[in-house]
Amino acid sequence: MKIENPAPIQWRFSERADQLQSSFIREILKITQQPEIISFAGGLPSPLTFPVDTMKAAFDKVLSENGKVALQYGPTDGYLPLRQWIADSLSANGAKIVPEQVLMTSGSQQALDLLGKVLIDEGSRVLVETPSYLGALQAFSVYRPEFKSVETDEHGLVPAWLDKVAAGARLLYALPNFQNPTGRSLSVERRVELVETCARLGLPLIEDDPYGALSYKGAPAPKMVAMNPDGVIYMGSFSKVLTPGIRLGYVVAPLPLVRRLELAKQAADLHTSQLTQMVVYDVIKDGFLDQHIPKIRTLYGDQCQVMLDAMAQHFPSAVQWTKPEGGMFIWVTLPKHIDAMKLLDEAIAQKVAFVPGSPFYANEPETNTLRLSFVTVPPERIRAGIEILGKLIAAKL
Ligand SMILES: Cc1ncc(COP(=O)(O)O)c(C=O)c1O
């Protein structure tokens, strides 16, 4: 039976809900998904790297052999063999990490939300890089912190800055490897200095590392969590090394913190899909990633080089850009008077898209910056898109 003439509801949203903002990137993705647009805007991994057949076989195997467990509710902290695998692979870096320190999450994005929930009160000081990952700013913003930006240069975050801003801070959020959005990495010396400085200041350090395995050449840099497992909170993800659609990430934290995170996760979603965790464990347990990740590195490394070469050919000399050695992004700094938001409108009119840099700044944005991703665009379209951008920029000089 349907009720007649219900009174219209005057929705009263919480103050928190009123502050929620859609990520700018998700908004422009709606435009850039049109196939005729050459989009350097997405932060999506290349679907060419998704191991569809391997995943299909693993789903089939897990469901045939262990379907009743896989389809049941599971523990909040996650599937133990997978947590053990993560603890062991991080322990190979020097530190002793135990599975009790590992909490599986629905993408590492959930880890950011949970960390915000248990560490940030309204007005808490939160230190972030300049610029920083937009999704982290968005996740932490819900808890209404006071963001303080920490200076970065071409070697990444500048640890000496912490003494100026760390007083009373709840945490420092850092992206040491092939940072989103700049593609920069923290030098090894800086990592040591950063961990030492945070330890001296008693400042919890979050090491968000979804791109660390995607180094084009050379071994991945040392992990900061291995230097001080009692003070560093490590975040990892299967999104960039396997597939993002499975929404599987994890956070590794000292025991008192991981217990709180687990309680927060229990309240949020009880647990991450047991089926997905069992499938991922089945895929990776015998070394699959050791053969798979080099293929991703080669594809991304080659496409990155195509973009860098095209930029060298088509961008005016007044433009600067980073030269990443891994990951998915290049960061461009235009002459000061060029506003990347306005440039985006002109670029979209010519069927090219990128992400303007402003949303990546917690405080004063540098409006003359932008982020380019090369991973989902084939080489000939990279060249064509960069040539168009180069002409648009040149016309503004
Ligand atoms: C730096 C960083 N952290 C976290 C995430 C979230 O990734 P996921 O939730 O897919 O693990 C992303 C996604 O692009 C990212 O770039």
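Scroll up for the structure.
The text that follows walks through the structure, step by step, so that each part is easy to find. Keep in mind that what you see is a predicted model, and the values were worked out from it rather than measured. (Residues numbered from 1 in each chain as written. Predicted model: local features only at pLDDT ≥ 70, side-chain atom pairs only at ≥ 80, totals over all residues. Heavy atoms only, no water.)

1. Considering the site of the ligand
Rules: When we say a residue is near a molecule or strand, we mean one of its heavy atoms is within 4 Å of it. For the purposes of these results, a polar contact is taken to be a pair of N or O atoms within 3.5 Å, where, inside protein, one atom must be able to donate a hydrogen and its partner to accept one; residues adjacent in sequence count only when each atom of the pair is a side-chain atom. Residue-level accessible areas treat just the shown protein chains as cover; the underlying method is Shrake-Rupley with a 1.4 Å probe. Classification used: nonpolar for Ala, Val, Leu, Ile, Met, Phe, Trp, Tyr, Cys and Pro, charged for Asp, Glu, Lys and Arg, polar for all others including Gly.
Taken together, 13 residues surround the ligand, and among them Ser 108, Asp 208, Tyr 211, Ser 237 and Ser 239 come closest. Contact between the ligand and Gln 109: an oxygen atom at 2.9 Å from a main-chain N or O atom of the residue. At 2.6 Å, a side-chain N or O of Ser 239 approaches an oxygen atom of the ligand. Within the complex, the protein chains bury 92% of what would otherwise be the 390 Å² of accessible surface of the ligand. Looking at the shell around the ligand residue by residue, the classes come out as four nonpolar, six polar and three charged.

2. Structural notes on unusual backbone geometry
Threshold: What counts as a helix is a DSSP run of H or I of at least four residues, what counts as a strand is a run of E of at least two, and both are numbered from the N terminus. Relative accessibility decides the category of a residue: with a 1.4 Å probe and only protein chains considered, values under 20% of the type maximum give buried, values over 50% give exposed, and everything between is partly exposed.
Cis geometry is found at the peptide bond from Thr 130 to Pro 131, where omega equals -10°. You can see Pro 131 is positioned in the loop between strand S3 (125–129) and helix H6 (134–141). Here the amide bond leading from Asn 180 into Pro 181 is cis, since omega sits at 25°, within 30 degrees of zero. Of note, Pro 181 is situated in the loop between strand S7 (171–174) and helix H8 (188–201). We note that Asn 5 has phi near 45°; this positive angle belongs to a residue other than glycine. Along the chain, Asn 5 falls in the segment before helix H1 (15–19). Taking the relative accessible area as the measure of exposure, Asn 5 reaches 72% and is therefore exposed. Non-glycine residue Arg 144 carries a positive phi angle of around 55°. Summarising the element assignment, Arg 144 is placed in the loop between H6 and strand S4 (146–150).

3. Some details on the packing of helix H4 (residues 80–91) against helix H11 (residues 274–284)
Basically, it comes down to this: For helices, the fitted line uses only the C-alpha atoms of the stretch in contact; every axis is such a line through C-alpha atoms, and the angle between N-to-C directions lies from 0 to 180 degrees. Should an angle lie under 35 degrees it is considered roughly parallel, over 145 roughly antiparallel, and from 65 to 115 roughly perpendicular; all remaining angles are considered oblique. Helix crossings are classified by the rotation of the near helix relative to the far one: an anticlockwise turn of less than a right angle makes the crossing left-handed, while a clockwise turn makes it right-handed. We call two residues contacting when some pair of their heavy atoms lies within 4.5 Å.
Between H4 and H11, the shortest axis-to-axis distance is 9 Å and the interhelical angle comes to 50°. The orientation of H4 with respect to H11, classified from their angle, is oblique. For the crossing formed where H4 meets H11, the hand is left-handed. Across from Pro 81, Leu 82 and Trp 85 in H4, the residues of H11 making contact are Gln 277, Val 280, Tyr 281 and Ile 284. Grouping the constituent residues of the contact of H4 with H11 by class yields six nonpolar, one polar and no charged.

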